[in-house]
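Letter by letter, the chains look like this.
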Amino acid sequence: MELSIPHIHQELIDRCRKGDRKSYYQLYKLYSKSMYNVGYRIVNNEDEAQDVLQEAFISAFYNLESYRGDSAFGAWLKRIVINKAITHATKRRFERFPEHEDWDVKEEESADIFEGFPFTVEKVKNAIQALPDGYRTVLSLYLLEGYDHGEIAEIMGISESTSKSQFNRSKKKLKELLELSMI
């Protein structure tokens with residue numbers, strides 16, 4: 001038994017599969033802004049995020065026949081965008097994650113490390129953008145995209161403990177950057 005999820009844009013997807021150019025454009029317009037934001041949070045550069053977006057849509061449209069409908073189209077497309085963004089960031093040779101146990105940081109139990117700090121959305125956004133690529137990528141995938149550390153490890157080709165330690169380091173660095181913005 002194959003699970004099929006009802007899709008609000010199924011008719012549009014079907015027209016794309018038949019080669020209707022207007023439908024491709026409509027699908028692009030529906031998803032481009034949100035997918036751009038996903039890519040931008042990983043690559044942290046407007047031009048590179050545009051490149052990632054274009055590569056992802058080309059790949060998605062080329063492989064539209066492989067979309068089975070077992071997840072929402074947006075979720076399927078988002079996974080393509082994330083993979084393209086990580087590949088793009090990797091090509092830039094961003095800070096590599098050490099795989100040695102000495103680099104692992106014990107995971108903190110603190111749930112609200114920012115409780116009581118008066119940060120605006122703009123300050124948080126700027127602080128996230130200021131993080132090193134590796135920290136920002138793990139933080140974005142975990143907090144903003146909802147992936148768990150096992151999934152992040154698989155996506156990025158790192159160990160789960162490395163993902164956790166990078167996440168902890170990114171939280172600490174983010175807190176430092178936000179505290180500096182209060183001075």
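Fair warning: this is a prediction, and the values are worked out from it, not measured in the lab. (Residues numbered from 1 in each chain as written. Predicted model: local features only at pLDDT ≥ 70, side-chain atom pairs only at ≥ 80, totals over all residues. Heavy atoms only, no water.)

A. Spotlight on the nonpolar core. Core analysis: the largest hydrophobic core is formed by 44 residues, its most contacted members being Phe73, Ile82, Leu141 and Met156. At the level of elements, helix H1 (10-17), helix H2 (21-43), helix H3 (46-62), helix H4 (73-91), helix H5 (121-130), helix H6 (133-144), helix H7 (149-156) and helix H8 (160-181) are the ones that each hand at least two residues to this core. (Core = buried A, V, L, I, M, F, W, Y, C linked by side-chain atoms within 4.5 Å. Buried < 20%, exposed > 50% of the residue type's maximum accessible area, 1.4 Å probe, protein only. Helix = DSSP H or I, 4+ residues; strand = E, 2+ residues; numbered from the N terminus.)

B. Highlighting the layout of surface pockets. Its volume calculated, the largest pocket comes out at about 340 Å³. Arg41, Lys125, Ile128, Gln129 and Leu144 are, among the 17 residues lining the largest pocket, the residues nearest its centre. Sorting the residues of the lining of the largest pocket by element identifies H2, H5 and H6 as the ones contributing at least two each. For the lining of the largest pocket, a count of residues per class yields 9 nonpolar, 4 polar and 4 charged. (1 Å grid on protein atoms, 1.4 Å probe; cavity = no way out; pocket = protein on both sides within 12 Å on 5 of 7 lines; lining within 4 Å. Points joined across faces, edges and corners; volume = space filled by probe spheres on them. Nonpolar A, V, L, I, M, F, W, Y, C, P; charged D, E, K, R; others polar.)

C. Representation of the packing of H3 against H4. Packing of H3 against H4 leaves a shortest axis separation of 9 Å and a crossing angle of 130°. With respect to H4, the axis of H3 lies oblique. Like other packed secondary-structure pairs, H3 and H4 cross with a definite hand, here right-handed. Facing Glu48, Asp51, Val52, Glu55, Ala56, Phe57, Ser59 and Ala60 of H3, the residues of H4 in contact are Trp76, Leu77, Ile80, Val81, Lys84, Ala85 and His88. The residue makeup of the contact of H3 with H4, split by class, is 9 nonpolar, 2 polar and 4 charged. (Axes fitted to C-alpha atoms, helices over the stretch in contact; angles between N-to-C directions. Parallel < 35°, antiparallel > 145°, perpendicular 65-115°, else oblique. Left-handed = near helix turned anticlockwise from the far one by under 90°. Contact = heavy atoms within 4.5 Å.)

D. The arrangement of unusual backbone geometry in detail. In this structure, Asn44 takes a positive phi of about 60° despite not being glycine. Within the secondary structure, Asn44 sits in the loop between H2 and H3.

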